[in-house]
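Here is what each chain is made of, one letter per residue.
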Amino acid sequence: MLLSVRDVVKTYSTADGPQVVLDGISLDVKAGESLALTGESGCGKSTLLHLCAGLDTPDRGRIEIEGTDIASAADAERARLRREAVGLVFQQFNLIPSLTVRDNLTFHARLAGRGVDPATLADRLGLTPFLDRWPEQLSGGQQQRVAIGRTLAARPRLILADEPTGNLDEATGDAVLETMQEAASESGAGLLMVTHSERLARRMDRRLHLRAGQVA
Ligand SMILES: Nc1ncnc2c1ncn2[C@@H]1O[C@H](COP(=O)(O)OP(=O)(O)OP(=O)(O)O)[C@@H](O)[C@H]1O
């Protein structure tokens, strides 16, 4: 299994005492499959994605990527999995301000040891006119497409995306989702995507709805 989440519990401590955000979540994502994660604001979608990315650890339960439990993996092994297997698209774009769009697009792919043609990628994402611009010269939606392109360029086996089309108008959001699904199916990657859009969730293979810390 590409991603296996079993009985995951996550609690935050707050001024009002402990808040159980995830209360025994289980899910699987197979290679080549796209899964939409929906649920109302604050129900724990981003928390779950962060745990799957190994950016935080669950209180209980297991999260395995290609059979390795990322919470208990040694630092070097977790870093290797994150670099080689996982691609992240988060709400913050984290573009590198001192690199052009072209170099932002290829940066992660190079780190992952993969050659990539920025022109083809830019064409698929409608970024061709912007290749020589700096990130600060782009709109929020254009920056978001660069962030998505950068992730796809590294050809991750698992793509974790937190509302990747949130800043885009409907038509551009549809086109970008299509590009992500195409890239995923070409390389046999799995896609776990948080979305507030019913319409986009319906276009994915499966959907999972979170409510009160559990899969509804
Ligand atoms: N570091 C933290 N410390 C304490 N509470 C937190 C922390 N991070 C998130 N929370 C709380 O945990 C809950 C889940 O947050 P999370 O960001 O996972 O929700 P979400 O479903 O992604 O929301 P949205 O759709 O609004 O982005 C919220 O009530 C939030 O206030």
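Small disclaimer: the values here were computed from a predicted structure and weren't measured.

Asks: So what about the overall build of the protein chain? Which residues, and what values?
Replies: When you go through the protein chain residue by residue, the secondary structure sums to 7 helices and 10 strands. Here the C-alpha atoms of the protein chain give a radius of gyration of 17 Å, agreeing with the 17 Å that 2.2 N^0.38 yields for 216 residues. Referenced to the eigenvectors of the C-alpha coordinate spread, the extents of the protein chain come out at roughly 50 × 35 × 35 Å. In the protein chain, which comprises 216 residues, the share counted as buried stands at 40%. Pairs at least 24 residues apart make up 70% of the contacts formed inside the protein chain by residues separated by at least 6 positions.

Asks: Tell me about the environment of Gly115, and name the residues and values.
Replies: For Gly115, the location among the structural elements is in the loop between helix 3 (101-111) and helix 4 (118-124). In this structure the C-alpha to C-alpha distance between Gly115 and Arg82, which are 33 residues apart in sequence, comes to 18 Å.

Asks: Outline the site of the ligand, supporting the account with residue identities and numerical values.
Replies: For the ligand, the full set of nearby residues is Tyr12, Thr14, Val21, Gly39, Ser41, Gly42, Cys43, Gly44, Lys45, Ser46 and Thr47. Counting only elements with at least two residues in the shell around the ligand, the list comes to strand 1 (3-14) and helix 1 (45-52). In terms of residues, the shell around the ligand owes the most to one element, helix 1, which gives 3 residues. Here the shell around the ligand is composed, by residue class, of 3 nonpolar, 7 polar and 1 charged.

Asks: How would you explain the UniProt feature "domain: ABC transporter" (unreviewed entry) in the protein chain if you had to name every residue and give the values?
Replies: Listed under "domain: ABC transporter" (unreviewed entry) in the UniProt record, and renumbered for this structure, are residues 3-216. Overall, residues 3-216 shows 34% helix and 28% strand. The separation of its end C-alpha atoms is 20 Å.

Asks: Report on the packing of helix 3 against helix 5 (residues 140-153), specifying residues and quantitative values.
Replies: Contact pair helix 3 / helix 5: the axes reach a minimum separation of 7 Å and the direction vectors enclose 35 degrees. Judged by the sense of rotation from one axis to the other, the crossing of helix 3 with helix 5 is right-handed. From helix 3, Val101, Asn104, Leu105, Thr106, Phe107, His108 and Ala109 reach across to helix 5, where they touch Val146, Gly149, Arg150, Thr151 and Ala153. Split by residue class, the contact of helix 3 with helix 5 holds 6 nonpolar, 5 polar and 1 charged.

Asks: So what about the pairing of strand 7 (residues 158-162)? Which residues, and what values?
Replies: On a regular strand, one side chain projects to one face of the sheet and the next to the other, so that they alternate. When you tally the buried positions in strand 7, you get 5 out of 5 residues, the bulk of the element. Side chains Leu158, Leu160 and Asp162 project from strand 7 onto one buried face, and the interleaved Ile159 and Ala161 project onto a second face that is buried too. Note that strand 6 (residues 86-89) and strand 7 share 4 bridges and pair parallel. Each residue of the ladder has a partner; that of Val89, found in strand 7, is Ala161. Judged from the 5 bridges that link them, strand 7 and strand 8 (residues 190-194) form a sheet pairing that is parallel. For Asp162, the partnering residue across the bridge sits in strand 8 and is Val194. Between the parallel pair strand 7 and strand 8, the chain is carried across by helix 6 (residues 170-187), and the sense of this crossover is right-handed.

Asks: An account of helix 6 is requested, with residue identities and associated values reported.
Replies: Across its 18 residues, helix 6 extends 26 Å between first and last C-alpha, which sits within 8% of the 26 Å expected from 1.5 Å per residue. Where helix 6 is concerned, the buried positions are Gly173, Val176, Leu177, Met180, Ala183 and Ala184. Within helix 6, the buried residues cover an arc of 125 degrees as seen down the axis, which keeps them to one side. Residues Ala171, Glu178, Glu182 and Glu186 are exposed on helix 6 and point more than 90 degrees away from its buried face. On the buried face of helix 6, the contacting elements are strand 3 (34-38), helix 5, strand 7, strand 8 and helix 7 (198-202). Positive backbone phi, at 70 degrees, marks Gly188, one or two positions downstream of helix 6.

Asks: How would you explain the packing of helix 5 against helix 6 if you had to name every residue and give the values?
Replies: Close contact between helix 5 and helix 6 brings their axes to 11 Å; oriented N to C, the two are set at 5 degrees. Taken together, the axes of helix 5 and helix 6 lie roughly parallel to each other. Seen from helix 5, the contacting residues are Gly141, Arg145, Ile148 and Leu152; seen from helix 6, they are Thr172, Val176, Met180 and Ala183. Partitioning the contact of helix 5 with helix 6 into residue classes produces 5 nonpolar, 2 polar and 1 charged.

Asks: Lay out the nonpolar core with the relevant residues and their values.
Replies: Residues Cys52, Leu158, Leu160 and Met180 are the most contacted members of the largest nonpolar core, which totals 56 residues. Apart from residues no more than four positions distant in its own chain, Met180 is found in contact with Ile148, Leu152, Ile159 and Leu191.

Here is what the cut-offs are and how they apply
- Residues numbered from 1 in each chain as written.
- Predicted model: local features only at pLDDT ≥ 70, side-chain atom pairs only at ≥ 80, totals over all residues.
- Helix = DSSP H or I, 4+ residues; strand = E, 2+ residues; numbered from the N terminus.
- Rg over C-alpha atoms; globule rule 2.2 N^0.38 Å.
- Buried ≥ 20, exposed ≤ 12 C-beta atoms within 10 Å, placed from the backbone.
- Contact = placed C-beta atoms within 7 Å.
- Near = placed C-beta within 6 Å.
- Nonpolar A, V, L, I, M, F, W, Y, C, P; charged D, E, K, R; others polar.
- UniProt positions renumbered as here; feature names shortened; annotations may be inferred.
- Axes fitted to C-alpha atoms, helices over the stretch in contact; angles between N-to-C directions.
- Left-handed = near helix turned anticlockwise from the far one by under 90°.
- Pairing = 2+ DSSP bridges.
- Right-handed = clockwise from strand over helix to strand, strands pointing away.
- Expected span 1.5 Å × (residues − 1).
- Arc of directions from axis to C-beta.
- Parallel < 35°, antiparallel > 145°, perpendicular 65-115°, else oblique.
- Core = buried A, V, L, I, M, F, W, Y, C linked by C-beta atoms within 7 Å.

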